[in-house]
Amino acid sequence: MSSIQLNAPDGPVEANLETPAGEGPWPGVVVLHDMVGVHTAMRETTRMLAGNGYLALAPNLFSRGAVRCVPSMIRDLMFSGKGGAVRDILAARDHLAADPNCTGKIAVVGFCLGGGFALLVAPEGFDAAAPFYPAGRAKYDEVLRGSCPVVASYGSRDPQNIGSGAKLERALTELGIDHDVKTYPGVGHSFADHHPAQPLVRVLGLGYDEDATRDAWSRIFAFFDTHLSPGAQPGGPNA
């Protein structure tokens, strides 16, 4: 793992970069953390992506302080659709695009808060977006016009996302965007995340589920194989 600084319009952003073994170039993936920040599970996910052949970059969207960043990020996600976090994410995308170890094909993966931003930036020059239980607005038809292909994962017991999977799938179908949306029965929020607050979320009936997580990543890697391969056309087969 390399700790780097990204040059972003609002100032430097700390980030972790994981490079696959062997010789590149490789497709890139921007990894967006949840409300807790770049915790151990996020670093493990970034390493896992590198282990599967992706140049993985995880920006710390709280680099300027969580107390300062979180309220503005929630406002951006819920209302404005833009702001400092979006500029930081696009700076991470641009960093990968300029890296000679990157093929130029770049996806974005996000969890909860980061999942919401993964959807928000899906129309902003990415080749695929993979949100897990995204937070934020459900006006997907507005947010996703011009989006890249989307592979999304929800839990049926997630109180933040009741019915969101079906709404997202309907919007993507109407917009003609290639997609794979799945809502996993019996699991809730954070099902793919060994969260630092795992004992608490377990009490709430949520938290990590190994089977759902394994299936979600299997779907994501198959989707990435299609949309991040060197000859893939923007938008994929249904564009």
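Residues numbered from 1 in each chain as written. Predicted model: local features only at pLDDT ≥ 70, side-chain atom pairs only at ≥ 80, totals over all residues. Heavy atoms only, no water.

(A) Just helix α4 (residues 113-120), in detail. Along α4, eight of the eight residues are buried, which leaves the element largely enclosed by surrounding structure. Those residues of α4 that fall on the buried side of the exposure criterion are L113, G114, G115, G116, F117, A118, L119 and L120. (Buried < 20%, exposed > 50% of the residue type's maximum accessible area, 1.4 Å probe, protein only. Helix = DSSP H or I, 4+ residues; strand = E, 2+ residues; numbered from the N terminus.)

(B) Structural context of the pairing of strand β1 (residues 2-6). As paired elements, β1 and strand β2 (residues 13-18) share five bridges and run antiparallel to each other. Within the sheet, the bridge partner assigned to Q5 lies in β2 and is E14. A loop of six residues connects β1 with β2, the two strands running antiparallel in sequence, and G11 in this loop sits at a positive phi of about 120 degrees. (Pairing = 2+ DSSP bridges.)

(C) Fine view of the nonpolar core. If you look at the biggest cluster of nonpolar residues, it comprises 74 residues, and the most contacted ones within it are F111, F117, F126, F132, L168, F191 and F224. Contacts of F117, omitting those with residues within four sequence positions, involve L32, M73, D76, L77, A85, V86 and I89. (Core = buried A, V, L, I, M, F, W, Y, C linked by side-chain atoms within 4.5 Å. Contact = heavy atoms within 4.5 Å.)

(D) The packing of aromatic side chains, seen in detail. The full count for this structure, using the stated rule, is 10 aromatic pairs. Seen from their ring centres, Y54 and F221 are 5.8 Å apart, and the 10 degrees between their planes marks the pair as stacked. Here F221 lies in helix α8 (residues 210-227) and Y54 lies in the loop between α1 (40-51) and β4 (55-59), a separation of 167 residues in the sequence. For the pair Y54 and F221, a shared accessibility class is recorded, and that class is buried. Clustering of aromatic rings is evident, with ring pairs tying together Y54, F111, F132, Y133, Y184, F191, W217, F221 and F224. (Phe/Tyr/Trp six-rings, centres within 6.5 Å; stacked < 30°, edge-to-face > 60°.)

(E) Just the sheet that holds β1, in detail. The strand order across the open sheet built from eight strands is β1-β2-β4-β3-β5-β6-β7-β8, with neighbouring strands paired in mixed fashion. With partners counted over all chains shown, the strands left at the sheet margins are β1 and β8 (179-184), one partner each. This sheet shows a mean twist of 20 degrees between the axes of neighbouring strands, independent of strand direction. Across the sheet, α4 touches β3 (26-32), β5 (102-111), β6 (128-132) and β7 (150-155), and the angle it forms with β5 is around 135 degrees. (Axes fitted to C-alpha atoms, helices over the stretch in contact; angles between N-to-C directions.)

(F) Broad picture of the pairing of β8. Where β7 lies against β8, six bridges are found, and the strand directions are parallel. Bridge assignment links G155 to a residue of β8, and that residue is Y184. With respect to chirality, the unit in which β7 leads through helix α6 (residues 164-175) into the neighbouring parallel β8 is right-handed. (Right-handed = clockwise from strand over helix to strand, strands pointing away.)

(G) Examining the side chain of S153 more closely. Of note, S153 is situated in strand β7. In terms of polar contacts, S153 uses its side chain to reach the side chain of R219, at 2.9 Å. What S153 contacts, discounting residues up to four positions off in sequence, is P131, F132, Y133, K182, Y184, F191, A216 and R219. (Polar contact = N/O pair within 3.5 Å; in protein donor to acceptor, adjacent residues only side chain to side chain.)

(H) Quick look at unusual backbone geometry. Cis geometry is adopted by the peptide bond preceding P25, which originates at G24 and carries an omega value of 5 degrees. Positive phi, normally seen in glycine, also occurs at C112, with a value near 55 degrees. Looking at the element boundaries, C112 is found in the loop between β5 and α4. Look at C112 and you get buried, because its relative accessible area is 10%. Look at S190: it is not a glycine, yet its phi comes out positive at around 65 degrees. With respect to the secondary-structure elements, S190 resides in the loop between β8 and α7 (198-203). With a relative accessible area of 7%, S190 lands in the buried category.

(I) Main features of the pattern of salt bridges. One pass over the structure, following the stated rule, counts seven salt bridges. D10 is paired through a salt bridge with R87; the nearest N and O atoms lie 2.7 Å apart. Taken as a pair, D10 in the loop between β1 and β2 and R87 in helix α3 (residues 84-98) lie far apart in primary sequence, 77 residues in all. A relative accessible area of 37% places D10 in the partly exposed class. Salt-bridge contacts for D215 lead to K182; the nearest nitrogen and oxygen are separated by 3.0 Å. Of this pair, D215 sits in helix α8 while K182 sits in strand β8; the two residues are 33 residues apart in sequence, bridging distant segments of the chain. Residue classification places K182 among the partly exposed residues on the basis of a relative accessible area of 31%. Because the salt bridges share partners, they merge into one network encompassing E210, D211 and R214. (Salt bridge = Lys/Arg side-chain N within 4 Å of Asp/Glu carboxyl O.)

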